[in-house]
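Here is what each chain is made of, one letter per residue.
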Amino acid sequence: MKVMKFGGTSVGSVKSILGLKEIVEAEARTQPVIVVVSALNGITDKLIAMSQMAKQGDEHYREEFDAMVRRHHQMIDTIIQDINKRVDLFNSVDQLFDQLKSILYGVYLIHDLSEKTEDTIVSYGERLSSHIVAAIVKNGVRMNARDFIRTEKKQGKHVLDTELTKQLVKEAFKDISQKSVYVVPGFIARDRDTHETTNLGRGGSDYTASIIAATLDADILEIWTDVDGFMTADPKVIKSAYTINELSYVEAMELCNFGAKVIYPPTIYPVCIKNIPIKVKNTFNPEHPGTLIKDKIEDDNKPIKGISSIKGTSLITVTGLSMVGVIGVNRRIFTSLANKGISVFMVSQASSENSTSIGVRDEDAEAAAEVLNAEFAKEIETGAMYPMLVESGLATIAIVGENMKQTPGIAGKLFGTLGRSGISVIACAQGASETNISFVVDGKFLRKSLNVLHDSFFLSEYKVLNLFICGIGTVGGMLLEQIRTQQQFLMQSRRLKLNVVGISDVDNFVLDRDGINLDNYEKILRTGYPANTEHMRDEIVKMNIFNSVFVDCTASRQIASLYQTFLEHNISVVAANKIAASSDYDSYLKLRQTARDRGVWFRYETNVGAGLPIIGTINDLCNSGDKILKIEAILSGTLNFIFNEIAADVPFSETVRRAKEQRYSEPDPRIDLSGTDVIRKLVILTREAGYKVEQADVEKHLFVPDSYFEGSIDDFWAKLPELDADFEARRKVLEKEGKRWRFVATMEAVVGDASKRCNTSVALKEVPQNHPFYPLEGSNNIVLLTTERYKEYPMLIQGYGAGAAVTAAGVFANIMSIANI
């Protein structure tokens, strides 16, 4: 025998109630079925609202009442084809509406609404829906739940009279057979002494079904709702949340208690003690297997099953030195709150016993504080205890899984993950059963906390890295194309989702936490915010998104100035922009230190050598105990291209123009010719090698007079040919000597200097044929590293040092290095 409960959305529309009919009739062909139904969705709330309106003398309650009648009538007209059956159903339903109308009118006349009257009014939702379901289902027989679900009054509340209810349920269903489908209105009950209509509280229809299933030893209890089952987290917050196939009773109870609104928490207990499984199914997707809740889960190796949360949490802290070692303080706390009907869902106590923090809902916080201040008034007056400290606007999160007790390090991983994301834990609690770790965070971090934990504990189908791409020029545009072409591959082979949540250019920026379609991002970008550095910074920080990386593909000083703020808000930074890493030493050091302190990453491998592994290699050498003694490098692909192109028939000015046309140089080639770019790169490498250096410390031996860097870019192009004759004369001499020009950056440590001083310079040098720099082609870069380990034969790193594709690939590699951590 099977008990099936259908919620408000399952009976709330023509489509859903016809789906219910099909589901129930299919089951009834093979076994006896009891169907428990809720009111049509939204009806209970409307009944409560109407009763309050009537109480206040507001005549608009009649409009709400008429709308409710129309809704039920329209449903009956649509789903009942047999005229006689339809008339009979209208008679039954209208009789109930007449009763309800009279009760509401009485409330309206006397402006009074007793508990007894309100309980009677809200019972009509299930009474109406059960008549409709019994009429539409083949062989449907309506049962009156008030005949067998009984309550008693305890401490001012209606609670189930378990023994009497069991006795009456067995009597009511003693002749159950497969010939009929028994339809029961959920939620409603009757007082055992007064016989007045009562109810089992919000979610009581689930409880009704569970009581019947447990009493009659059903094979299974099915809860039909509008979701596929229990989810690993709230899918409205976490897009990658998925349905949990199986849960233990304990896990399901913990998730329900902490906000998973799939089933009413008391539902689990009656069937649990009888070891009757619960199946949660979707009326709108009946083919989905749903979630099975049972005693033991086999082949279950996941330590965490799900994450649940409660918004609108307040934390009340009871503190005072007089609490230490005193028996009965906690009893007074919980007794006084219970007497006022205030529920506590979390408790956290310091081992020193000088403070106890309790979690209540925001709406109960003020009353709870008043109750506790009154309870401990004498102690507060003498200074033995302090007035209650109330913190509101918080959120409580629980990670749930019975296998946590068999898996060391879960709590460490939990708090480490939150800390790296910049989320502080205000209070936490864990029972000895280790099935639930609960903690409180600032409410504004709820979404971020849920996402980062879901991702960290492998509950997500994919690991997600959220990217903000700033700059869509040659490098940024190529990077976006590389990400677009690799997204599907990375999801399939690495289970990694690169989610581009922000893109900006010089005109606009656009943000979307769900991800931007890279197939048409340029069109989307045109609809975004006008470009404004401070506005973009504030909006990115406000998104408060987890596992996020800001990727700077610009050469903007303004954009580089944002890095510190992003790192402080636990947003990693990947920079192709060299300005920050080559800025004043203290600022550079602060960025690195902030990244370390916040547990995020500041990566800038492409600042030197585009995609070549230069910075990473220097870091590896230093971290393994080696010492960099000397760096000799050709670090400008642009300048190397220029001096490789220059020839008898290709003057110097033409090589510069070619470098710009082929996108080797900056839009303004003077940046390259001034040596500024090489100086920045040398400063970065020297710092990575462990030396303190500023750009001003680098000696410059340039090959273009200072006057060429003054005036406009047009002035520069007009004057540049004036240098051609001198360069050609010098080139001829060089050619005869078998040498070539190379613009070389050099760092050399001062030997024997404990303070780690060094000398740095950039200069145009003439290199002979036997020098490693001589054969360097095109726009390639080369770096020679002389170290204590690589002294006789320096380490050589060589390859493409410029170009959008390789630079974008280097940025992409930095992003992937963060994703792999």
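This structure is a prediction, so every number in the text was calculated from the model and none was measured.

## Observations regarding the overall build of the protein chain
Phase 1 of the analysis: Helices and strands together make up the secondary structure of the protein chain, namely 30 helices and 31 strands.
Phase 2 of the analysis: For the protein chain, the C-alpha radius of gyration of 37 Å lies well beyond 28 Å, the compact-globule estimate for 821 residues.
Phase 3 of the analysis: With respect to the principal axes defined by its C-alpha atoms, the protein chain has extents near 115 × 70 × 55 Å.
Phase 4 of the analysis: Within the protein chain, buried positions represent 52% of all 821 residues.
Phase 5 of the analysis: Sequence-distant contacts, at least 24 apart, represent 72% of the contacts inside the protein chain between residues at least 6 apart.
Phase 6 of the analysis: If you sum the accessible surface of the protein chain, you get close to 36700 Å²; carbon and sulfur atoms cover 48% of it.
Phase 7 of the analysis: Here the protein chain contributes 93 positive and 105 negative side-chain charges, whose respective centroids are spaced 2 Å apart.

## Description of the layout of surface pockets
Phase 1 of the analysis: Within this model, the second largest pocket holds a volume of roughly 1200 Å³.
Phase 2 of the analysis: Surrounding the second largest pocket, 47 residues form its lining, T474, C553, T554, A555 and E666 being those nearest its centre.
Phase 3 of the analysis: Elements represented by at least two residues in the lining of the second largest pocket include exactly α17 (474–493), α19 (533–543), α20 (557–560), α24 (637–645), α26 (670–673), α27 (676–688) and α30 (804–819).
Phase 4 of the analysis: Tallying contributions element by element places α27 first for the lining of the second largest pocket, with three residues.
Phase 5 of the analysis: Of the residues that constitute the lining of the second largest pocket, the class distribution is 19 nonpolar, 19 polar and nine charged.

## Side note on the packing of helix α3 (residues 43–55) against helix α5 (residues 83–110)
Packed helices, taken two at a time, are described by their axes: the angle between them and the distance between them.
Phase 1 of the analysis: Two numbers describe how α3 lies on α5: the axes approach to 7 Å, and their chain directions differ by 40 degrees. Viewed along their axes, α3 and α5 form a crossing whose handedness is right-handed. Along the contact surface, α3 presents L47, M50, S51, A54 and K55, while α5 presents L100, L104, V107 and Y108.

## A few points about the sheet that holds strand β31 (residues 795–800)
Phase 1 of the analysis: Within the open sheet, the six strands sit side by side as β27-β29-β28-β26-β30-β31. Their pairing is mixed. In this open sheet, the two strands that pair with only one neighbour each are β27 (699–701) and β31. Direction aside, neighbouring strands of the sheet carry axes that sit 20 degrees apart on average.
Phase 2 of the analysis: Here strand β26 (residues 628–634) pairs with strand β28 (residues 739–749) via four bridges, running antiparallel. Each bridged residue has a counterpart across the sheet, and for E632 the counterpart in β28 is T746.
Phase 3 of the analysis: Contacts from α27 reach β26, β27, β28 and β29 (758–768), with the element oriented near 125 degrees to β29.

## With respect to the packing of α3 against helix α4 (residues 61–79)
Phase 1 of the analysis: Direction vectors running N to C along α3 and α4 enclose 155 degrees, while the axes themselves pass 9 Å from each other. By the angle class used here, α3 and α4 are roughly antiparallel. For α3 against α4, the interelement crossing comes out left-handed. Judged by residue contacts, I43, K46, L47, M50, M53 and A54 of α3 engage Y61, E64, F65, M68, R71 and H72 from α4.

## Notes on the packing of aromatic side chains
Phase 1 of the analysis: With the rule as written, the count across this model stands at 21 aromatic pairs.
Phase 2 of the analysis: Their ring planes at 75 degrees and their centres at 5.2 Å tell us that F643 and F703 sit as a pair that is edge-to-face. Taken together, the residues span a long stretch of sequence, with F643 in helix α24 and F703 in the loop between β27 and α28 (713–719) at a distance of 60 residues. Pair check on accessibility: F643 and F703 agree, each one buried.
Phase 3 of the analysis: Through a chain of ring-to-ring contacts, the aromatic side chains of F643, F652, F703, F727, W741 and F743 assemble into a single cluster.
Phase 4 of the analysis: Above the ring of Y588, the side-chain terminus of R687 is found at 5.0 Å from the ring centroid.
Phase 5 of the analysis: The aromatic ring of Y774 is capped on one face by R740, whose charged end is 4.3 Å from the ring centroid.

Definitions and cut-offs
Residues numbered from 1 in each chain as written. Predicted model: local features only at pLDDT ≥ 70, side-chain atom pairs only at ≥ 80, totals over all residues. Heavy atoms only, no water. Helix = DSSP H or I, 4+ residues; strand = E, 2+ residues; numbered from the N terminus. Rg over C-alpha atoms; globule rule 2.2 N^0.38 Å. Buried < 20%, exposed > 50% of the residue type's maximum accessible area, 1.4 Å probe, protein only. Contact = heavy atoms within 4.5 Å. Areas by Shrake-Rupley, 256 points an atom, 1.4 Å probe, with all protein chains shown as cover. Lys, Arg positive; Asp, Glu negative; His and termini not counted. Charge placed at Lys NZ, Arg CZ, Asp CG, Glu CD. 1 Å grid on protein atoms, 1.4 Å probe; cavity = no way out; pocket = protein on both sides within 12 Å on 5 of 7 lines; lining within 4 Å. Points joined across faces, edges and corners; volume = space filled by probe spheres on them. Nonpolar A, V, L, I, M, F, W, Y, C, P; charged D, E, K, R; others polar. Axes fitted to C-alpha atoms, helices over the stretch in contact; angles between N-to-C directions. Left-handed = near helix turned anticlockwise from the far one by under 90°. Pairing = 2+ DSSP bridges. Parallel < 35°, antiparallel > 145°, perpendicular 65-115°, else oblique. Phe/Tyr/Trp six-rings, centres within 6.5 Å; stacked < 30°, edge-to-face > 60°. Lys NZ or Arg CZ within 6 Å of the ring centre and 35° of its normal.

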